[in-house]
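Topology and contacts: notes
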Amino acid sequence: MRRRGPCVALLGLALASPAGAETLGGKVDQHVDDHLPSGGGKKRPKPKKHHHNGPRPRRDWEGTGPAPPAAPRPKEKKTDLPHRVFGKRFQLDPSTGLAYRGWRPQEYEKMDVSTENALTWHVGVRAKLYFIAINHAHYESNGIGSPRRSGASVATKAAAATPVAAWFLGAVGFPFDWVLEPIIRYEARAFQSTLKPDAPVRIIPQSASKKDDLSTFPTTTSELTLTSAFETFVVGLRYHHDNDPSGIIASDGGSFPKLYFGVGLTQYSKPYQVRVGDQVLSDLLFDARLRGAGLALGLETGQRPESFFLDVSAQSGIGEVRLTHDFTVNETLPDGWLIGYAQGEVTGGYLHPLTRTRPTLLGGVAASVGGATFFYFKPLTTSEEDRSTPALNWDLLWGLKAFVVVPL
């Protein structure tokens, strides 16, 4: 705890709330301070090193002449599919299909969460239009809903409320005759569910202030509507080892996956209980905003007929958890502590030709799993200090989809 001078203490007493009142900021500050260590900790024993002193096993060819030549690598299977309608400078891959999406948030203390899995429809397109490549353009929903949510993430449930799932992904590249391609990638998702408190809870809106008296926020045990919205934004460079086509379905892939690296931003809006590891401030439910900025990385093998494909995206950096418009968890941390975050997704699938006509009809299946986590950490520690990273929040996302593509 920080020390204040006598003058500051007298001024604080003069401006304090009425006797017995507890402030919002004071309660959260005390919870974090009580459960997040400011130093100390037991020294961890160093792992023992194991040395192998026995003789190295002799290979059959050693001592009898030069090593045998390496076996030739099997040639990669090539196909002339897909058969397109337009030329090489204008290529279009429209797609549509169905998906089954799921979302699992971290457990809420003293609350029952009915996370909804949703059957969704989706439309998408990939394209090469002269000097612009649309690597991804994908919209998915179980209704007519926007994946961007600017309103409150928690509210009293309406009688006719219907769970909503929506997802948008857009990624644009600028392919030049160069192995590095500038890219911009934006993704937004929204999921809605219900939350039933087992004990009275105070809902704290984003418009609240840390100086507000807790008694001004009434308690409720009513069923609540829970909405979580996730957004990510990346600006970076994609590396093409073979300078091969970007984004579109190709008949022949390169020998090396496409990699991208850059600067990434991420943002959540979700109902949140202040958590330090296993310790939860369970009687306050905030309409929180979780944000982060850091390094973004990705890998993509590209989609080809009669082949498996893989798409990986990830971010990691420094985060912020904003409980109200003027109050963050960051400002309650002991000296030297920060909030970090990591988020990402892995998608794998297979593409199969349904016809071999012009244009070619392709069918695909894919599965994905991903999520995000925010955590406390202390970057500079001594050997005597606790190096743990207590959990602050996590969310898990997954999905299965089937789709058809008509390369034009």
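Model, not experiment: these values are computed from the prediction. (Residues numbered from 1 in each chain as written. Predicted model: local features only at pLDDT ≥ 70, side-chain atom pairs only at ≥ 80, totals over all residues. Heavy atoms only, no water.)

Description of helix α2 (residues 24-35)
Between its first and last C-alpha, α2 extends 17 Å over 12 residues, near the 16 Å set by a 1.5 Å rise per residue. Two or three places before G26, at the start of α2, stands the capping residue T23, its side-chain oxygen 3.0 Å from that residue's backbone nitrogen. (Helix = DSSP H or I, 4+ residues; strand = E, 2+ residues; numbered from the N terminus. Expected span 1.5 Å × (residues − 1). Polar contact = N/O pair within 3.5 Å; in protein donor to acceptor, adjacent residues only side chain to side chain.)

Overview of unusual backbone geometry
Working note: non-glycine residues mostly have negative phi, and peptide bonds are mostly trans. In the segment running from R358 into P359, the intervening peptide bond is cis, with an omega of 0°. Among the secondary structure elements, P359 is positioned in the loop between β17 (338-353) and β18 (362-377). Even without a glycine there, the phi angle at K110 is positive, about 60°. Despite not being glycine, E306 has its phi angle at roughly 60°, a positive value. Positionally, E306 belongs in the loop between β14 (284-300) and β15 (307-324).

Quick notes on the pattern of salt bridges
Evaluated as defined, the whole model comprises 15 salt bridges. In this structure, E331 and K210 form a salt bridge, with 2.9 Å as the shortest nitrogen-oxygen distance. Taken as a pair, E331 in the loop between β16 (327-328) and β17 and K210 in the loop between β8 (201-204) and β9 (219-220) lie far apart in primary sequence, 121 residues in all. Judged by its relative accessible area of 34%, E331 is partly exposed. (Salt bridge = Lys/Arg side-chain N within 4 Å of Asp/Glu carboxyl O. Buried < 20%, exposed > 50% of the residue type's maximum accessible area, 1.4 Å probe, protein only.)

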